[in-house]
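Chain residues, written in single-letter form:
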Amino acid sequence: MAYSNKVIDHYQHPRNVGSFGASKDVAARKDIGVGIVGAPECGDVMQLQIKVDEQGKIEDAKFKCFGCGSAIASSSLATEWIKGKTVDEALQIKNTQIVEELSLPPVKIHCSVLAEDSIRTAIKDYKKKNGLLKEEPAAAH
Amino acid sequence: MSDSVDDPFALLGLPHRFEISSDQLQVAYLKRAAALHPDRFPDPIRQAQAAQDAARLNRAKAVLADDEQRANALLRQLGGPVKEQDKSLPEGFLVEIMEVRQAIEEAPASNDPSQREHFEKWAHQQRGHYKSLVAQLFAGGPPDSQSLREIRLQLNAWRYIERLIEQLDPDYKLQL
């Protein structure tokens with residue numbers, strides 16, 4: 001199966017790899033949201049950290065992904081897309097857009113889901129820290 | 001792809017349970033593999049069918065020979081939730097696995113064999129932990145929906161350990 005050049009490029013040269021500090025150390029920082037997510041299909045894990053400015057705009061994003069090349073490419077692309085967006089704009093990103101952009105084959109769709117999950121989880125963490133989260137039913141999961 | 005819904009236990013004539021010894025599996029496999037040997041089928045159409053059945057048998061054997069895959073197959077046969085539906089994990093599990101992953105990445109001289117051994121040992125201990133836990137859960141009589149969900153949760157965690165073990169292998173190559 002042929003993978004697209006975009007996947008190969010992102011996986012060979014992933015953008016925005018790293019973190020703003022260990023999860024424990026950034027836990028108290030209100031300008032940072034952390035999302036740690038996993039794909040039970042394969043056992044890949046990914047951490048996304050977003051740095052949000054006072055206007056609610058994502059000024060920087062860093063990720064670490066321990067998984068396959070498609071998962072790395074999906075999260076790399078996700079960091080590029082969310083930078084410069086407001087948190088609410090970033091929430092509009094759907095995994096299907098990542099699939100389309102990277103031309104991921106059906107067996108790799110869960111990698112794009114992982115990237116979308118990481119955006120949601122990181123933003124949720126940021127909103128929770130800043131008291132911006134609306135009340136949710138307790139049994140959401 | 002009807003193969004994915006095959007019951008590997010039924011294909012090998014084995015009972016639906018987690019504890020299956022490798023001897024037991026081997027005996028069951030050889031008996032059925034012999035019956036599908038191409039020499040038994042002079043008719044080319046039936047021979048081709050036998051070859052397909054043999055391939056299914058081989059896949060079923062591979063599933064049952066692997067502890068984690070056997071547990072997943074058994075859970076499916078018992079009507080338990082599949083991982084695509086139920087992604088639940090033990091509390092704090094992902095944070096812990098992420099910390100281990102980062103510690104491995106940041107370990108000084110990560111190609112140092114003693115460092116790798118340390119993490120390999122941890123991962124294999126975890127594998128043993130999940131295997132015995134899952135065996136216990138399956139052994140506790142006919143499972144109700146709550147224990148099926150509990151098995152799903154433990155199996156989800158187990159997957160991350162297997163993935164870690166796979167990637168700790170010095171010959172592991174990153175794949176797209």
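Anything mentioned here points back to the structure above.
What you see is a predicted model, and the numbers here were worked out from it, not measured in a lab. (Residues numbered from 1 in each chain as written. Chains lettered and ligands numbered in written order. Predicted model: local features only at pLDDT ≥ 70, side-chain atom pairs only at ≥ 80, totals over all residues. Heavy atoms only, no water.)

1. Comments concerning the overall build of chain A
As a reminder, the rule being used: Put simply, DSSP H or I for four residues or longer makes a helix, DSSP E for two residues or longer makes a strand, and each gets a number counted from the N terminus. Accessible area is worked out with a 1.4 Å probe on protein chains only. A residue is then buried under 20% of its type maximum, exposed over 50%, and partly exposed in between. Throughout, a residue-residue contact means that at least one pair of heavy atoms, one from each residue, lies within 4.5 Å. Counting rule applied: Lys, Arg positive; Asp, Glu negative; His and chain ends not counted. By convention, the charge on Lys lies at NZ, on Arg at CZ, on Asp at CG and on Glu at CD.
Within chain A, the secondary structure is distributed over six helices and three strands. Dimensions of chain A, computed from C-alpha atoms along their principal axes, come out at roughly 45 × 30 × 25 Å. The proportion of buried residues among the 141 residues of chain A is 50%. Across chain A, the fraction of contacts at a sequence separation of at least 24, relative to all contacts at a separation of at least 6, is 61%. Side chains of chain A give 19 positive and 19 negative charges; the mean places of these two sets differ by 2 Å.

2. Some points on the overall build of chain B
When helices and strands are tallied, chain B shows seven helices and zero strands. Moving toward the C terminus, one meets the helices and strands of chain B in the order α-α-α-α-α-α-α. Evaluated residue by residue, chain B yields a buried proportion of 38% over its 176 residues. Long-range contacts, defined here as pairs at least 24 residues apart, represent 72% of the contacts in chain B between residues at least 6 apart.

3. Observations concerning helix α6 (residues 113-139) of chain B
Residue and element names in this part refer to chain B. Keep this limit in mind: Each residue after the first adds 1.5 Å to the expected span of a helix.
Taking 1.5 Å as the rise per residue, α6 with 27 residues should run 39 Å; its terminal C-alpha atoms sit 38 Å apart, in good agreement. Buried within α6 we find Phe-119, Trp-122, Ala-123, Gln-126, Tyr-130, Val-134, Ala-135 and Phe-138. Phi turns positive, to about 75 degrees, at Gly-141, one or two residues after α6.

4. As for the pairing of strand β1 (residues 32-39) of chain A
All names here are of chain A. The condition that has to hold: The pairing criterion is simple: DSSP has to find at least two bridges between the two strands.
Counting buried positions along β1 gives eight out of eight residues, so the element sits mostly inside the fold. Side-chain alternation along β1 places Ile-32, Val-34, Ile-36 and Gly-38 on one buried face and Gly-33, Gly-35, Val-37 and Ala-39 on a second face that is also buried. Two elements, β1 and strand β2 (residues 44-52), share eight bridges in a ladder whose sense is antiparallel. The partner of Val-34 across the bridge, within β2, is Gln-49. What sits between β1 and β2 in their antiparallel hairpin is a turn of four residues, with Gly-43 showing a positive phi close to 90 degrees.

5. Overview of the packing of aromatic side chains
All names here are of chain B. To keep things clear, this is the line we draw: Ring pairs shown here join Phe, Tyr and Trp side chains whose ring centres sit within 6.5 Å, with only the six-membered ring taken for Trp; geometry is labelled stacked below 30 degrees between planes, edge-to-face above 60, and tilted in between. Counted as over-ring charges are cases with an Arg CZ or a Lys NZ within 6 Å of the ring centre that also lie within 35 degrees of the ring normal.
Overall, the coordinates contain three aromatic pairs over all chains when judged by the stated rule. Seen in terms of ring centroids, Phe-18 and Phe-138 are 5.8 Å apart; in terms of plane orientation they differ by 25 degrees. Their pairing is stacked. One end of the pair, Phe-18, is in the loop between α1 (8-11) and α2 (22-35); the other, Phe-138, is in helix α6, and 120 residues separate them in sequence. On the basis of relative accessibility, which here comes to 11%, the residue Phe-138 falls in the buried class. Grouping aromatic residues by their ring pairs yields a cluster made of Phe-93, Tyr-130 and Tyr-160. Stacked on the ring of Tyr-29, the Lys or Arg Lys-61 has its end atom at 4.7 Å from the ring centre.

6. Some words on the sheet that holds β1 of chain A
To be explicit about the condition: Note on definitions: angles span 0 to 180 degrees between N-to-C directions of axes, and those axes are lines fitted to C-alpha atoms, for helices only across the stretch in contact.
With antiparallel pairing, three strands are arranged side by side in an open sheet as β1-β2-β3 (chain A). Either end of the sheet is taken by a strand with one partner, and the two such strands are β1 and β3 (58-66) of chain A. Adjacent strand axes in the sheet meet at a mean angle of 15 degrees, parallel and antiparallel pairs treated alike. Taken strand by strand, helix α7 (residues 145-168) of chain B contacts β1, β2 and β3 of chain A, and its axis lies near 95 degrees from that of β2 of chain A.

7. Digging into unusual backbone geometry
All names here are of chain A. A positive phi angle is found at Asn-16, which is not glycine, with a value near 60 degrees. Looking at the element boundaries, Asn-16 is found in the loop between α1 (5-12) and α2 (23-26). Its identity is not glycine, yet Ser-103 carries a phi of approximately 50 degrees, on the positive side. Looking at the secondary structure, you find Ser-103 in the loop between α5 (95-102) and α6 (109-129).

8. A look at the pairing of β2 of chain A
By the criterion of burial, β2 of chain A is predominantly enclosed, with eight of the nine residues buried. What sits between β2 of chain A and β3 of chain A in their antiparallel hairpin is a turn of five residues, with Gly-56 of chain A showing a positive phi close to 80 degrees.

9. A closer look at the interface of chain A and chain B
Here is the rule: When two parts are brought into contact, each loses some accessible area as probed by a 1.4 Å sphere; the total of that loss over both is the buried area. By definition, a salt bridge exists where a carboxyl oxygen of Asp or Glu is found within 4 Å of a side-chain nitrogen of Lys or Arg. N or O atoms within 3.5 Å of each other form a polar contact, as long as, within protein, one can give a hydrogen and the other can take it, and as long as residues adjacent in sequence are counted only when both atoms are side-chain atoms. Under the scheme applied, nonpolar residues are Ala, Val, Leu, Ile, Met, Phe, Trp, Tyr, Cys and Pro; charged residues are Asp, Glu, Lys and Arg; polar residues are all the others, including Gly.
On the side of chain B, 20 residues touch chain A, which itself brings 26 residues to the contact. When chain A packs against chain B, the two sides together hide about 2,100 Å² of surface, and 62% of this comes from carbon and sulfur. Across the chain A-chain B interface, the total number found is four salt bridges. With a shortest N-O distance of 2.5 Å, Arg-163 of chain B and Asp-44 of chain A are connected by a salt bridge. For the interface between chain A and chain B, the tally reads seven residue pairs in polar contact (both at pLDDT 80 or more). Of all the secondary structure elements, the ones that give two or more residues to the side of chain A that touches chain B are α1, β1, β2, β3 and α3 (69-82) of chain A. Looking at the side of chain A that touches chain B residue by residue, the classes come out as 15 nonpolar, six polar and five charged.

10. Digging into the environment of Gln-24 of chain B
All names here are of chain B. In this structure, Gln-24 sits in helix α2. For the pair formed by Gln-24 and Leu-14, sequence separation is ten residues and the distance between their alpha carbons is 8.6 Å. Residues contacting Gln-24, with those up to four places away along its chain left out, are Leu-14, Arg-17 and Glu-19.

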